[in-house]
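# A look at the structure
Below are the chains, spelled out letter by letter.
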Amino acid sequence: MFNFTARRAAALLVGAGAVSLSALAGGPTANAAPVAACPAPGATAAQADEEGASCAAESEAMGAAAAYGLGGNADADAAPTSLSLAIAANGGEAASASQYLSGPAAIAVGPGAMAAVTGVRPGLSIGIAGPGATVTVTGTSTPTCTGGPGFAGDFQTLQGCVSMG
C-alpha cells in the first residue's frame, strides 16, 4: 500500500523543481538569454531588469521569495512563514504568491508560457507551463492547464491538471 506523506510530497515537488532548473541550466549557451536574479529572504525586496529579462521579489519578515528571469519575466511575493518561487525562461511569464505556511512555485518556459501559482493555505503547489500554455493554481479550486504543454500539482486542494498541448 502506497502512503503519500507530506515528506514524499515535498520530495516530489523539490525533485520536479530540480529537474526543471537542470533543464534550464543545461541548455545551450551560445545564445544565452540575459539573467535577472531577485532573491528576497526575510523582510526584503529585489528587482532587476536585464535586456529582455526581468524579475521582482518581495518578502515579509520570516518569509522568503525568489524570482529568476532567464529571458522571461518572473514575480514572487511571500508573506511571513511562507516560501514563493518564480522562474521564467525564453519568453515565459511566471508569478508566485504565498500566504501563511504555503510554498508555491511557478515555472514558465517558452514563448507564450504563463504560470500563476498562489498559496493560500498550508501546503505546497507547483505549476509548470511550456510554450503557449497557461497554468493557474489558486489554492482554493481545481488548477487549470490550457494551451500548450503544462502541469500543475496542488497539495492545498489535492488536485492537479495536465495539458499535452
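Residues numbered from 1 in each chain as written. Predicted model: local features only at pLDDT ≥ 70, side-chain atom pairs only at ≥ 80, totals over all residues. Heavy atoms only, no water.

## Some thoughts on the pairing of strand β1 (residues 35-41)
- Here β1 shows one buried face, formed by A36, C38 and A40, and one open face, formed by V35, A37, P39 and P41.
- Across seven bridges, the pairing between β1 and strand β4 (residues 64-70) is antiparallel. The residue bridging A37 from the neighbouring strand is Y68, located in β4. (Buried < 20%, exposed > 50% of the residue type's maximum accessible area, 1.4 Å probe, protein only. Helix = DSSP H or I, 4+ residues; strand = E, 2+ residues; numbered from the N terminus. Pairing = 2+ DSSP bridges.)

## Observations concerning the sheet that holds strand β13 (residues 149-154)
- Spatially, seven strands are ordered β1-β4-β6-β8-β10-β13-β14 in an open sheet, and the strand pairing comes out mixed. Where the open sheet ends on each side, the last strands, each with one partner, are β1 and β14 (159-164). Shown here is a sheet whose adjacent strand axes are inclined to one another by a mean of 5 degrees, direction ignored.
- Note that strand β8 (residues 102-109) and strand β10 (residues 123-129) share seven bridges and pair parallel. (Axes fitted to C-alpha atoms, helices over the stretch in contact; angles between N-to-C directions.)

## A short note on the sheet that holds strand β9 (residues 114-119)
- Strand order in the open sheet made by the seven strands is β2-β3-β5-β7-β9-β11-β12, with mixed pairing throughout. On the outer flanks of this sheet lie β2 (44-50) and β12 (144-146), each paired with one strand and no other. Recorded for the sheet is a direction-independent mean angle of 0 degrees between the axes of neighbouring strands.
- Judged from the seven bridges that link them, β2 and strand β3 (residues 53-59) form a sheet pairing that is antiparallel. Residue A48 lies in a different strand from β3, and its bridge partner there is C55.

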